[in-house]
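Residues per chain are reported as follows:
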Amino acid sequence: MNEINPVEYGKLVQSVDNLERKVDAMEADIKKLVAMAERSKGSLWALMGVASVAGAFISYISEMVFRK
């Protein structure tokens with residue numbers, strides 16, 4: 001009853017090895033996704049800055065035109 005079946009033990013060891021490889025691959029993929037999200041966040045702030053400057057310029061020009 002307390003005997004370990006070598007075939008079943010071998011299957012469990014193989015399953016654990018497969019799961020470890022999958023977790024390692026998932027960890028690498030998650031790191032790539034985080035890096036992509038950080039880059040896109042920087043791009044978003046850059047575009048927001050450009051849009052703010054453009055909005056200020058348009059507002060300034062329209063005020064000059066309509067004030068006269």
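This structure is a prediction, so every number in the text was calculated from the model and none was measured.

## A few points about the overall build of the protein
Line of reasoning, step 1. What the protein contains, in helices and strands, is 1 helix and 0 strands.
Line of reasoning, step 2. Against the compact-globule benchmark of 11 Å for 68 residues, the protein has a radius of gyration of 29 Å, which places it well outside the compact range.
Line of reasoning, step 3. Along the first, second and third principal axes, the C-alpha atoms of the protein reach 100 × 20 × 10 Å.
Line of reasoning, step 4. Out of the 68 residues belonging to the protein, those deemed buried represent 0%.
Line of reasoning, step 5. Just so you have it, the protein exposes about 6,700 Å², and 68% of that area is on carbon and sulfur atoms.
Line of reasoning, step 6. Positive and negative side-chain charges in the protein, numbering 9 and 9 respectively, have mean positions lying 16 Å apart.

## Looking at the pattern of salt bridges
Line of reasoning, step 1. Under the defined criterion, the tally for this structure stands at 3 salt bridges.
Line of reasoning, step 2. Ionic pairing is found between Glu8 and Lys11, a salt bridge with its closest N-O pair at 3.7 Å. A residue pair is termed a helical-turn pair when its members lie 3 or 4 positions apart in one helix, as Glu8 and Lys11 do in helix α1 (residues 6-67) at 3 residues.
Line of reasoning, step 3. Overall, Glu8 belongs to the partly exposed group, its relative accessible area being 41%.
Line of reasoning, step 4. With a closest N to O distance of 3.7 Å, Lys31 and Glu27 form a salt bridge.

## A closer look at a nonpolar patch on the surface
Line of reasoning, step 1. A contiguous nonpolar patch, built from Phe57, Ile58, Tyr60, Ile61, Met64, Val65 and Phe66 and spanning about 800 Å² of accessible area, is present on the exposed surface.
Line of reasoning, step 2. Tracing the sequence through the fold places Val65 in helix α1.

## With respect to the environment of Asp24
Line of reasoning, step 1. When you line up the elements, Asp24 lands in helix α1.
Line of reasoning, step 2. With relative accessibility at 48%, the residue Asp24 sits in the partly exposed group.
Line of reasoning, step 3. Sequence separation between Asp24 and Trp45 is 21 residues; the distance between their C-alpha atoms is 32 Å.

## Quick word on α1
An α-helical segment advances 3.6 residues per turn. Residues three or four places apart therefore align on the same side.
Line of reasoning, step 1. Given a rise of 1.5 Å per residue, 62 residues ought to cover 92 Å, and the 90 Å separating the end C-alpha atoms of α1 matches this to within 8%.
Line of reasoning, step 2. Where α1 begins, one side-chain oxygen reaches toward the backbone nitrogen of Val7, 3.1 Å away; that side chain belongs to Asn5.

Parameters and conventions
- Residues numbered from 1 in each chain as written.
- Predicted model: local features only at pLDDT ≥ 70, side-chain atom pairs only at ≥ 80, totals over all residues.
- Heavy atoms only, no water.
- Helix = DSSP H or I, 4+ residues; strand = E, 2+ residues; numbered from the N terminus.
- Rg over C-alpha atoms; globule rule 2.2 N^0.38 Å.
- Buried < 20%, exposed > 50% of the residue type's maximum accessible area, 1.4 Å probe, protein only.
- Areas by Shrake-Rupley, 256 points an atom, 1.4 Å probe, with all protein chains shown as cover.
- Lys, Arg positive; Asp, Glu negative; His and termini not counted.
- Charge placed at Lys NZ, Arg CZ, Asp CG, Glu CD.
- Salt bridge = Lys/Arg side-chain N within 4 Å of Asp/Glu carboxyl O.
- Patch = residues over 30% accessible without salt bridge, like charges linked within 9 Å, V, L, I, M, F, W, Y side chains within 5 Å.
- Expected span 1.5 Å × (residues − 1).
- Polar contact = N/O pair within 3.5 Å; in protein donor to acceptor, adjacent residues only side chain to side chain.

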